[in-house]
Structure formats: C-alpha cells, structure tokens
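Chain residues, written in single-letter form:
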Amino acid sequence: MSNIILVTGGSRSGKSNFAEDLCRDRKNCTAYIATSIPFDEEMKDRVRKHKESRPSNWKTYEIFKDIYSIINDLGKNYQTVILDCVTLLVNNLMFEYNIDFDNCTPEETNDMEKYIKQQVEKLIEEIKKTDLYFVIVTNEIGMSLVPDNKLCRVYSDVVGRINQYIAKCADEVYFVVSGIPMRIKE
C-alpha cells in the first residue's frame, strides 16, 4: 500500500530539504521526479544546486506531463519517490496548454484547470496502485495578496485547488516554515 506525503511551504522555506531528508532517512532505492524546465541561467544554477544536494545514487526523471505514465515502472524499481514540485508542474502544464491569458474566457481557464486536475488525479490514482513511499513537494502561494493580473490570479487559483486535492488524498501533510516542519495531517 502506498504512502503519500505532501510537503508544502513558502519559497525558500526548507520544504525541499525536508522532503529529501524524509526520503534519505528511508535508506532505500529512490527516484527523483523533477518538474522544472531550466530555461535560463538562474534556473540552470538552481537545478545544479538541487542535484548536488541529493545522494548520487538517486535516479532523476525530468518530466512534468503525464507523470502517471511512469509510476508503474517506478513502483517496480524503487521503494521511495520524491516529486519536486507541483507548482512548477502546474506552471508548465498551464503554458503548454497555450491559451491567451489576457483575453481568455472563463470557460477556457476552466477547461485548462480540468486538464491539469486530470493529470494530477491520474498521478494519485497510479501512486495508490503501488507500494511506494511517495513524497510530493509544493509551494503554498495562497498566503499573500491576491495578484493584480489575470495570469497570476489564474495560476494562484489552480495551484491552490490542486494543493487542496493532493492534501486531501495524502496520508500525511507537512507545512515547513523557516526550515521547521510541522505535521498538519497524519
């Protein structure tokens, strides 16, 4: 039976370090799903630093779309998986969906959100078919002001609802602040 753990927190809160520690402590075969697309030098440097912080024996999979399609195979080869992170996954799926956020209709944004939620629902469904210890990292972006532009509001709304869905499905949820993890669901 799978064990799904969600780790959330603000930017630079220490959530990735905590999530990696959860996986490292298990001392078993671990896969790392990276959802980022390193598109500029700053992001490439960030990815490099993340890779350097992980144990060298962890296998990295760089994927943000149809992640559910690799879960069965991961379940055969690994005991532990970390996915970092949901907010980049949502970002990449939103821009891949390719709508004009300045001029889109509510129906278009609803269809896009439905597509993203289906991606996440299929992922959770596939994880639950395994015996994986599966740690999911996300950002808590809903603790600030409402963004002043449509793109950011849509993004914030979608991430917030996806985070709620994952938290509901998770066996454990941790909120990390200033490097200090607090268990908020067990």
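Here is what the cut-offs are and how they apply
- Residues numbered from 1 in each chain as written.
- Predicted model: local features only at pLDDT ≥ 70, side-chain atom pairs only at ≥ 80, totals over all residues.
- Heavy atoms only, no water.
- Phe/Tyr/Trp six-rings, centres within 6.5 Å; stacked < 30°, edge-to-face > 60°.
- Buried < 20%, exposed > 50% of the residue type's maximum accessible area, 1.4 Å probe, protein only.
- Lys NZ or Arg CZ within 6 Å of the ring centre and 35° of its normal.
- Patch = residues over 30% accessible without salt bridge, like charges linked within 9 Å, V, L, I, M, F, W, Y side chains within 5 Å.
- Areas by Shrake-Rupley, 256 points an atom, 1.4 Å probe, with all protein chains shown as cover.
- Salt bridge = Lys/Arg side-chain N within 4 Å of Asp/Glu carboxyl O.
- Lys, Arg positive; Asp, Glu negative; His and termini not counted.
- Charge placed at Lys NZ, Arg CZ, Asp CG, Glu CD.
- Helix = DSSP H or I, 4+ residues; strand = E, 2+ residues; numbered from the N terminus.
- Polar contact = N/O pair within 3.5 Å; in protein donor to acceptor, adjacent residues only side chain to side chain.
- Contact = heavy atoms within 4.5 Å.
- Pairing = 2+ DSSP bridges.
- Axes fitted to C-alpha atoms, helices over the stretch in contact; angles between N-to-C directions.
- Arc of directions from axis to C-beta.
- Core = buried A, V, L, I, M, F, W, Y, C linked by side-chain atoms within 4.5 Å.

1. Some thoughts on the packing of aromatic side chains
Consideration 1: On inspection of all chains with the given rule, the structure shows four aromatic pairs.
Consideration 2: Between Phe95 and Phe101, the aromatic rings sit 6.0 Å apart at their centres with planes inclined by 65°, giving edge-to-face as the arrangement.
Consideration 3: We classify Phe95 as partly exposed; its relative accessible area is 45%.
Consideration 4: Above the ring of Tyr32, the side-chain terminus of Arg54 is found at 3.5 Å from the ring centroid.
Consideration 5: Looking at Lys59, its charged tip hangs above the ring of Tyr61, at a distance of 5.4 Å from the centre.

2. Some words on a negative patch on the surface
Consideration 1: On the surface, Asp100, Asp102, Glu107, Glu108 and Asp111 cluster together to form a negatively charged patch.
Consideration 2: Mapping Glu107 onto the fold places it in helix α5 (residues 106-128).

3. Observations concerning the pattern of salt bridges
Consideration 1: Using the criterion set out here, one finds 15 salt bridges in the structure.
Consideration 2: The salt bridge partner of Lys51 is Glu62, with a shortest N-O separation of 3.4 Å. Here the residue Lys51 occupies a position in helix α2 (residues 41-53), and Glu62 occupies one in strand β3 (residues 59-62), the gap between them amounting to eleven residues.
Consideration 3: Note on Lys51: relative accessible area 41%, which makes it partly exposed.
Consideration 4: In this structure Glu62 comes out as exposed when scored by relative accessible area, which is 54%.
Consideration 5: One network of salt bridges, in which partners are shared, links Asp45, Arg48, Lys49 and Glu52.

4. Structural notes on the side chain of Asp84
Consideration 1: You can see Asp84 is positioned in strand β4 (residues 80-84).
Consideration 2: The side chain of Asp84 is buried and forms no salt bridge, while Arg54, the nearest opposite charge, is found at 6.4 Å.
Consideration 3: One polar contact links Asp84 to Tyr32, side chain to side chain, over a distance of 3.2 Å.
Consideration 4: When neighbours within four sequence positions are excluded, Asp84 is seen to be in contact with Ser16, Tyr32, Ile33, Ala34, Thr35, His50 and Val137.

5. Details of the sheet that holds strand β6 (residues 172-177)
One key point about sheets: their strands pair by backbone hydrogen bonds, in either a parallel or an antiparallel sense.
Consideration 1: Taken together, the seven strands give an open sheet; going across it, the order is β3-β2-β4-β5-β1-β6-β7, and neighbouring strands pair in mixed fashion. For this open sheet the edge positions go to β3 and β7 (180-185), each flanked by a neighbour on one side alone. This sheet shows a mean twist of 20° between the axes of neighbouring strands, independent of strand direction.
Consideration 2: Relative to β4, strand β2 (residues 30-34) is paired through five bridges, and the arrangement is parallel.

6. Things to note about helix α3 (residues 68-77)
Spacing of three or four residues puts side chains on the same side of an α-helix, whose turn is 3.6 residues.
Consideration 1: Ile70, Ile71 and Leu74 are the residues of α3 that are buried. Looking down the long axis of α3, one finds its buried residues gathered within 120° of arc, a one-sided arrangement.
Consideration 2: Those residues of α3 hidden inside the fold are in contact with β2, β3, β4, α5 and β5 (133-139).

7. A look at the nonpolar core
Consideration 1: Core analysis: the largest hydrophobic core is formed by 40 residues, its most contacted members being Ile33, Ile71, Val90, Ile116, Phe134 and Ile136.
Consideration 2: Broken down by secondary-structure element, the contributors of at least two residues to this core are β1 (3-9), β2, α3, β4, α4 (86-97), α5, β5 and α6 (150-169).
Consideration 3: Setting aside its immediate chain neighbours within four residues, Ile33 contacts Tyr61, Ile63, Ile67, Ile70, Ile71, Leu74, Val81, Ile82, Leu83, Asp84 and Phe134.
Consideration 4: Within the second largest apolar cluster, 16 residues are counted, among which are Ile5, Trp58, Cys85 and Tyr133.

8. Some points on unusual backbone geometry
Consideration 1: Of note, the bond from Asp84 into Cys85 is cis; its omega dihedral lies within 30 degrees of zero at 5°.
Consideration 2: Mapped onto the elements of the fold, Cys85 is located in the loop between β4 and α4.
Consideration 3: Despite not being glycine, Asp66 shows a phi value in the positive range, around 55°.
Consideration 4: Of note, Asp66 is situated in the loop between β3 and α3.
Consideration 5: Notably, Asn98 is not glycine yet its phi reads approximately 60°, a positive angle.
Consideration 6: Structurally, the position occupied by Asn98 is in the loop between α4 and α5.
Consideration 7: Note on Asn98: relative accessible area 63%, which makes it exposed.

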